[in-house]
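Geometric and topological summary
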Amino acid sequence: MLLHEAFEAQVERSPDAPAVRFGDAVLSYSDLDARASELAQMLQARGAGPGTLVAVCQERSLEMVISLYAVLKAGAAYVPIDPEYPPERIGFMLDDAAASILLTQSGLAHRYSAAGAELLTVDDLPTPDGLHTVTHQATMDDLAYVIYTSGSTGRPKGAMISHRAIVNRILWMQDHFGLTAQDRVLQKTPFSFDVSVWEFFWPLLVGAELVVAEPGGHRDSGYLTRTIIEQGITTIHFVPSMLQLFLEDPRAGECASLRRVICSGEALPRALQDRFFDRLGCELHNLYGPTEAAVDVTAWACDPASPLAFVPIGTPVANTQI
């Protein structure tokens, strides 16, 4: 099963259910599938397919979700590029990836007119007619995405992740946490970070609803608290430093819809874990893993009664050794 194929199967099961929400706009499973399929055909007509990379440089939006699914439907792999990156970093990534196509938005297109890739502005596409079907020859060993590391030890490097690796990781997550169609997952991680991959793809494997945060929303604890309360968010990710800010919000204790909070990206201090359980009554999980190993390789279910003075990174996820 390729990364996007479980979504396509879910479209058959719940075509009219809400799949993705951004502000007041909502796409059903069938709407998202139709729009992604149309864009996938356009990509294929421009040479996208197995073994090719398609750069995606967009602000968080419905179009971003459509673009990621479209690239995979075309059989290609996506390269996320944060438009907030300095121009020099963006230029390096585009050159290094040698992507022949760049999916962007009309308000950003002028920044990349000199890039070697062909530009497609996804917010200008017509409404799909629903007649598009897409076929490709991608396999489990083909790439699903390439995410560039921070470059803290030198030049940024593209971590190349196959369908096999990321599907294993997401199926483990479903087996471990048991997301259902009643869940709502907040997508707030910048898509240039690997946590975003499970945020985008895990909910839509099982009929849950993906709620996309507004651009910059991941930095605003007040906005996140309001969104959790108003949208009935059940599942969310925090790096520990942002979890600390979130717990300091006066309304954090009102986030009664939360069922699970997942932490990764930084060490989770024991004091922060204790603060969490003082304010919220849901699950807290500590995950660890490098980008090169498909997001996470270990997981630990936090326990307020643990006698340990620290929070472990846990035990290996499925089909993984450490």
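Okay, so let's go over this structure. (Residues numbered from 1 in each chain as written. Predicted model: local features only at pLDDT ≥ 70, side-chain atom pairs only at ≥ 80, totals over all residues. Heavy atoms only, no water.)

Relative to the assigned elements, Asp-296 resides in the loop between β13 (283-288) and β14 (298-301). We classify Asp-296 as buried; its relative accessible area is 3%. Within the structure, the side chain of Asp-296 is placed 2.5 Å from the side chain of Arg-169, a separation counted as a polar contact. (Helix = DSSP H or I, 4+ residues; strand = E, 2+ residues; numbered from the N terminus. Buried < 20%, exposed > 50% of the residue type's maximum accessible area, 1.4 Å probe, protein only. Polar contact = N/O pair within 3.5 Å; in protein donor to acceptor, adjacent residues only side chain to side chain.)

For Glu-283, the position within the fold is in strand β13. On the basis of relative accessibility, which here comes to 42%, the residue Glu-283 falls in the partly exposed class. Taking the C-alpha atoms as reference points, Glu-283 and Arg-21, 262 residues apart in sequence, are found 24 Å from one another. Not counting chain neighbours up to four residues away, the residues in contact with Glu-283 comprise Arg-259, Arg-260, Val-261 and Phe-276. (Contact = heavy atoms within 4.5 Å.)

Let's shift gears to the pairing of strand β11 (residues 235-238). Across a regular strand the side chains alternate sides, sitting on one face of the sheet and then on the other. Neither face of β11 is open: one carries Thr-235 and His-237, the other Ile-236 and Phe-238, and all of them are buried. Of the strand pairs in this sheet, β11 and strand β12 (residues 260-263) are connected by 4 bridges, and their pairing is parallel. Residue pairing across strands places Thr-235 opposite Arg-260, the latter belonging to β12. Handedness of the β11-helix α8 (residues 240-248)-β12 crossover: right-handed. (Pairing = 2+ DSSP bridges. Right-handed = clockwise from strand over helix to strand, strands pointing away.)

Turning to the environment of Tyr-29, a few remarks are in order. Here Tyr-29 lies in helix α2 (residues 29-45). Through-space distance from the C-alpha of Tyr-29 to that of Phe-7 is 8.4 Å; in sequence the pair is 22 residues apart. Contact partners of Tyr-29, with chain neighbours within four places excluded, come to Phe-7, Gln-10, Val-11, Ser-14, Pro-15, Ala-17, Pro-18, Ala-19, Pro-203, Leu-204, Gly-207 and Ala-208. Polar contacts involving the side chain of Tyr-29 include one to the main-chain carbonyl oxygen of Ala-208, which spans 2.6 Å.

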